[in-house]
Each structure stands twice: as C-alpha cells, then as structure tokens.
Amino acid sequence: MSDPTSEVIFHAYPQSPVAEKVRVVFGIKGLAWRSVEIPRLPPKPMLTALTGGYRRTPVMQIGADIYCDSQCIIRELERRYPSPTVMPTNEQGLMWCLSRWTDGALFDQTVRLVLGTAGDSLDKDFAADRGRLYLGEDWAAGLKQANADLPHLVSQLRAPLSWLNAQLSDGRAFLLGPQPAAIDAQFYHVVWFLRGRWADGPSFLSEFEDLVRWEDNVREIGHGTSRIMDPQDAIMLARNSEPTAVAGVAAHEPQGLLVGQSVAIKPDVNGGEQPVAGKIRYADAETVVIERVAADVGIVCVHFPRSGYRIDPT
C-alpha cells in the first residue's frame, strides 16, 4: 500500500486556469493524485488552515508540507518525480524566466480581457475579489477601463499568440519539440482560459492554426488520475504527519534571513491579501520555507517561491 503521507494532494477548483496548468503537469508525468475542491471565493477556511492565510489557487500538499504557487508546485513535482521530465532540454533556466512573463503580464492581460468583456454580467462578488487582485484597489474603475480598452487588450494578446503559432509552424507537436514541457503547460493555461471564459475566444484563436493543433496535443495529455479527498481528511493527514523540508539558508542571502527567524510572506502585489506568518526553515534563491504551528494542523512547513513574493521580518 502507498504511504498516505507521500500522496500528492491538490487543493483547487475546476475552473481555475492556474490549476489547469498544474493538472497538465500531472498528465505529463502520469501521476496519481488526490483532489480537494476548494471554493472559488473566500472564505476558504479549510485551505487557509493549512497555509496560514494564503488563499490563492492552487495549493499542493504532501503530508505536512504545503506548496503555494504553481512555481513551487511544478519545481517540487519535478524534484520528486523526475521522469518523465517537464524540462526535456537544457534551457530550463530560460523556461523559468519566461514563466515569470506567462504567469505575470501575459496572464494579467488575459484576466483583464475576460473581466472587461463580461462587464455588468460579471458576478459582483467575483468581480470585487478578482478585480482587487488584478486591477488594484480601485477595481471598479479598472474594470470600466478594461471594457473600454478591449480592442487594445486583444491586440496585446494577438502578438504573443502569433509568436507561438510561428514556433509551431514547422509541425512540431510541442513548443520545444516532440516532448511536452513545463513551458507548454505555462502557455496552455492562458489559451485554455481564453477559449473557455471569453465568448469570442474560439473565433479569435481560430486564426492560429498551428496553435490550435498544439492546443489539441496538450489537451490529449490529460491530467493523470485523480481521486476525490475530503478537505477534513487532508487537514487530519497534515496533523498526523511530519514536515520533510530541510533546514538551512543558502549562501549570498540578500535579506539576511536566518533559520528560526520570524517573518511574514505575501504576494508582492497590492492585492489586499493576508500575509502568512511563521519561522524560517529554509531559504535559497528560488524558494523560502516557513514553519508554522496551529492547533488544527499541528506543525506544517509552507513553501513559497522567492520570485513574486515579499518576505518581511516580524
């Protein structure tokens, strides 16, 4: 029998484009995983019990180690399950650099387009929540501006999609060649979101014939195999497990972080999100891990990327 403390538990909801990115990685690696469905909107008490306040989607759990952000999740999946790899070429550094654009400016433009086209039909609670994350404090004005800027936003997406189409024009199955890679998942989640959440998405994407062929190839990879898990069972598993994260701080640490230091971590944007408090367990150029203790989950280690996150001493 498999060890339940080593099972991949994925906290997400079906409509999440960022979760779709990770689900494609599950498919590339042919993984079996447990699925905990979380609400689309806060409050998310079962999730934040594990994370200490982080509410974004998705989150991965393995025992008492909690991985926030798809950066952290994909890196950990590649470390634990190196074959089949999602880094089939020697350009993984460039792929990670490019992912900061696909997950940042490109995805933000796509969200603004989807929100802007929805206009007054957008659910008010959803608009307030996502608008605050992607459009700033004055999200209502930002939503109106997005609606007014729709032709411009479409043009800004059309350019990179044409580049992808050109990359695929030699008939290759995936962006780097015959094997799917992390970069396929990182671009696919944007295209998946456009097609599924923008009424004009299918007609817009039809211009890019090779991109549509690639999209079909990625879709056929699937999502591995999943089984539903109750969120309370995930919390119990965390409480009955021990974190496996190592302790230490790598050389050349620019913020002077120390093991055991009390810090708070949050996304480095003005999204009104609650920081996660804990003590430094590990830090290097890519990752920071904090240890936190709570009555409902016991001792857990929460893993964050360094890129895109702010760490403040407390």
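Bear in mind that the values here come from a model prediction, so they are computed numbers and not experimental data.

Cut-off values and rules
Residues numbered from 1 in each chain as written. Predicted model: local features only at pLDDT ≥ 70, side-chain atom pairs only at ≥ 80, totals over all residues. Heavy atoms only, no water. Helix = DSSP H or I, 4+ residues; strand = E, 2+ residues; numbered from the N terminus. Buried < 20%, exposed > 50% of the residue type's maximum accessible area, 1.4 Å probe, protein only. Core = buried A, V, L, I, M, F, W, Y, C linked by side-chain atoms within 4.5 Å. Contact = heavy atoms within 4.5 Å. Salt bridge = Lys/Arg side-chain N within 4 Å of Asp/Glu carboxyl O. Axes fitted to C-alpha atoms, helices over the stretch in contact; angles between N-to-C directions. Parallel < 35°, antiparallel > 145°, perpendicular 65-115°, else oblique. Left-handed = near helix turned anticlockwise from the far one by under 90°. Nonpolar A, V, L, I, M, F, W, Y, C, P; charged D, E, K, R; others polar. Phe/Tyr/Trp six-rings, centres within 6.5 Å; stacked < 30°, edge-to-face > 60°.

1. Regarding unusual backbone geometry
Then, number 1: Cis peptide bonds are those with omega within 30 degrees of zero, and the linkage from proline 42 to proline 43 qualifies with 0 degrees.
Then, number 2: Within the fold, proline 43 resides in the loop between strand 2 (32-37) and helix 2 (45-51).
Then, number 3: Between serine 83 and the following residue, proline 84, the backbone shows a cis peptide bond with an omega angle of -5 degrees.
Then, number 4: Locating proline 84 in the fold gives a position in the loop between helix 3 (70-80) and helix 4 (92-118).
Then, number 5: Positive phi values are uncommon outside glycine, yet aspartate 69 reaches one of about 80 degrees.
Then, number 6: Locating aspartate 69 in the fold gives a position in the loop between strand 4 (65-68) and helix 3.
Then, number 7: On the basis of relative accessibility, which here comes to 15%, the residue aspartate 69 falls in the buried class.

2. Remarks on the nonpolar core
Then, number 1: Leu77, Leu161, Phe204 and Trp214 are the most contacted members of the largest nonpolar core, which has 60 residues in total.
Then, number 2: In terms of residue count, the dominant contributor to this core is helix 8 (residues 182-197) (nine residues).
Then, number 3: Once residues within four sequence positions are removed from consideration, tryptophan 214 is found in contact with Leu168, Ala173, Phe174, Leu175, Asp184, Phe187, Tyr188 and Val191.
Then, number 4: Residues Ala64, Ile66, Val263 and Val288 belong to the second largest nonpolar core, which totals 27 residues.

3. So, the pattern of salt bridges
Then, number 1: This model, assessed by the stated rule, comprises 21 salt bridges.
Then, number 2: The partner of arginine 79 in a salt bridge is glutamate 76, with the nearest N and O atoms 2.7 Å apart. Note that arginine 79 and glutamate 76 are positioned in helix 3 at a spacing of three residues, about one turn of the helix.
Then, number 3: Judged by relative accessible area, which is 56%, arginine 79 ranks as exposed.
Then, number 4: Classification of glutamate 76 by relative accessible area gives buried; the value is 9%.
Then, number 5: The closest approach of N and O atoms between aspartate 216 and arginine 219, which form a salt bridge, is 2.7 Å. Of the two residues, aspartate 216 and arginine 219 are both situated in helix 10 (residues 209-221); the distance of three residues between them amounts to about one turn of the helix.
Then, number 6: Residue classification places arginine 219 among the partly exposed residues on the basis of a relative accessible area of 41%.
Then, number 7: Within the structure, one salt-bridge network assembled from shared partners comprises Arg195, Glu215, Asp216 and Arg219.

4. So, the packing of helix 1 (residues 17-29) against helix 8
Then, number 1: At a closest axis distance of 8 Å, the pairing of helix 1 and helix 8 adopts a crossing angle of 135 degrees. In terms of orientation, helix 1 lies oblique with respect to helix 8. The two elements helix 1 and helix 8 cross, and the hand of that crossing is right-handed. On the side of helix 1, the interface is formed by Pro17, Val18, Glu20, Lys21, Arg23, Val24 and Val25, while helix 8 contributes Ala185, Gln186, Tyr188, His189, Trp192 and Phe193.
Then, number 2: A breakdown of the residues in the contact of helix 1 with helix 8 according to their chemical character gives eight nonpolar, two polar and three charged.

5. A short note on the packing of aromatic side chains
Then, number 1: Considering all chains together, one arrives at twelve aromatic pairs under this definition.
Then, number 2: When the centroid spacing of 5.7 Å and the interplanar angle of 75 degrees are considered together, the rings of tyrosine 54 and phenylalanine 304 count as edge-to-face. Pair noted here: tyrosine 54 is in the loop between helix 2 and strand 3 (59-62) and phenylalanine 304 is in strand 10 (residues 298-305), with a separation of 250 residues, a long-range link. Across the pair, exposure class does not vary: tyrosine 54 and phenylalanine 304 are buried alike.
Then, number 3: With a centroid separation of 5.4 Å and an interplanar angle of 55 degrees, the aromatic rings of tryptophan 198 and phenylalanine 204 are classed as tilted. As far as the burial class goes, tryptophan 198 and phenylalanine 204 line up, both buried.
Then, number 4: Grouped by ring-pair contacts, the aromatic residues Phe10, Phe26 and Trp33 constitute a single cluster.

6. Here we look at the environment of valine 111
Then, number 1: Locating valine 111 in the fold gives a position in helix 4.
Then, number 2: In this structure the C-alpha to C-alpha distance between valine 111 and glutamine 92, which are 19 residues apart in sequence, comes to 26 Å.
Then, number 3: Contact partners of valine 111, with chain neighbours within four places excluded, come to Tyr134 and Phe193.

In short, the description is geometric, and any link to function would need to be established separately.
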